[in-house]
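Working through the structure, step by step
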Amino acid sequence: MPKSSTTKKVHRLSVRKGDRVEIIAGKEKGKKGKVLFALPKENRVVIESINMVKRHARPTQKVPQGGIQEREAPIHASNVQVICPSCGQATRVGHRVTESGKKVRICRKCQGDIDKA
Ligand SMILES: [Zn+2]
């Protein structure tokens, strides 16, 4: 297999596991939820109760009846915005470096820290 010459850049997601986010595009627009986990390589995030898909499962010992299970499918990170804990609005994320040298995310709307400094 020839190696692709285009190296895919892995973006640092502005959304992280545990964040509360709002969906700003797509069929779930306006909904809010908690980020269960982030997939930086795919630029996607999985959000609690958002983008549920039905999966047909074979019967297992654990689930002898098998059948249909619902679970979250990843959505593109550009379709979500972090909800700022200070002002409560969905916002774009900026960064600042604290006095101790720690990089924290800040709200572009109220300039408050999203991460604990
Ligand atoms: Zn804010």
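This one's a predicted model, so the numbers in the text were calculated from it and none came from an experiment.

The subject of this paragraph is the nonpolar core. Residues Val15, Val21, Val45, Ile47, Ile75 and Val80 are the most contacted members of the largest nonpolar core, which totals 16 residues. Among the secondary structure elements, those contributing two or more residues to this core are strand E1 (20–23), strand E3 (44–47) and strand E7 (80–83). The residue makeup of this core includes at least three contributed by each of domain 1 (11–57 + 69–83) and domain 2 (84–117).

Summarising the metal site, the zinc ion is bound by the protein donors Cys84 (SG), Cys87 (SG), Cys107 (SG) and Cys110 (SG), whose distances to it range over 2.2 to 2.3 Å. Classification of the site at the zinc ion as tetrahedral follows from its 4 donor atoms and the range of 105 to 117° in their angles at the metal. Within one chain, the residues donating to the zinc ion are spaced in sequence as C-x2-C-x19-C-x2-C.

Taken together, 6 strands build an open sheet; the order of strands is E6-E3-E2-E1-E7-E8 and the sheet is antiparallel. The open sheet is flanked by strand E6 (75–76) and strand E8 (90–91), the only strands paired with a single partner.

Once that is clear, we can look at the side chain of aspartate 19. On the secondary structure map, aspartate 19 appears in the segment before E1. Separated by 2.9 Å, the side chains of aspartate 19 and arginine 105 make a polar contact. Those residues within four positions of aspartate 19 in sequence are excluded, and the remaining contacts are Ser14, Gly33, Lys34, Val35, Val82 and Arg105.

The next thing to look at is unusual backbone geometry. With a phi angle near 60°, asparagine 43 is a residue other than glycine that sits in the positive phi range. With respect to the helices, strands and loops of the structure, asparagine 43 is situated in the loop between strand E2 (32–39) and E3. Its identity is not glycine, yet asparagine 51 carries a phi of approximately 60°, on the positive side. Among the structural elements, asparagine 51 can be located in the loop between E3 and strand E4 (52–57). Overall, the relative accessible area of 14% leaves asparagine 51 in the buried class.

What follows is about the domain arrangement of the chain. Under the domain assignment used here, the chain contains domain 1 (11–57 + 69–83) and domain 2 (84–117). Contact residues are listed per partner, giving 9 residues for domain 1 and 12 residues for domain 2. Taken together, both faces of the contact between domain 1 and domain 2 bury some 790 Å²; the carbon and sulfur share is 46%. Summed over the shared surface of domain 1 and domain 2, the result is 2 salt bridges. With a shortest N-O distance of 3.5 Å, aspartate 115 and arginine 16 are connected by a salt bridge.

Rules of the game
Residues numbered from 1 in each chain as written. Predicted model: local features only at pLDDT ≥ 70, side-chain atom pairs only at ≥ 80, totals over all residues. Heavy atoms only, no water. Core = buried A, V, L, I, M, F, W, Y, C linked by side-chain atoms within 4.5 Å. Buried < 20%, exposed > 50% of the residue type's maximum accessible area, 1.4 Å probe, protein only. Helix = DSSP H or I, 4+ residues; strand = E, 2+ residues; numbered from the N terminus. Domains from an automatic or database assignment. Donors = N, O, S within 2.8 Å, 3.2 Å for Na, K, Ca; no water. Tetrahedral: all angles 85-135°; square planar, octahedral: opposite > 155°, others 65-115°. Pairing = 2+ DSSP bridges. Polar contact = N/O pair within 3.5 Å; in protein donor to acceptor, adjacent residues only side chain to side chain. Contact = heavy atoms within 4.5 Å. Buried area = accessible area lost by both parts, 1.4 Å probe. Salt bridge = Lys/Arg side-chain N within 4 Å of Asp/Glu carboxyl O.

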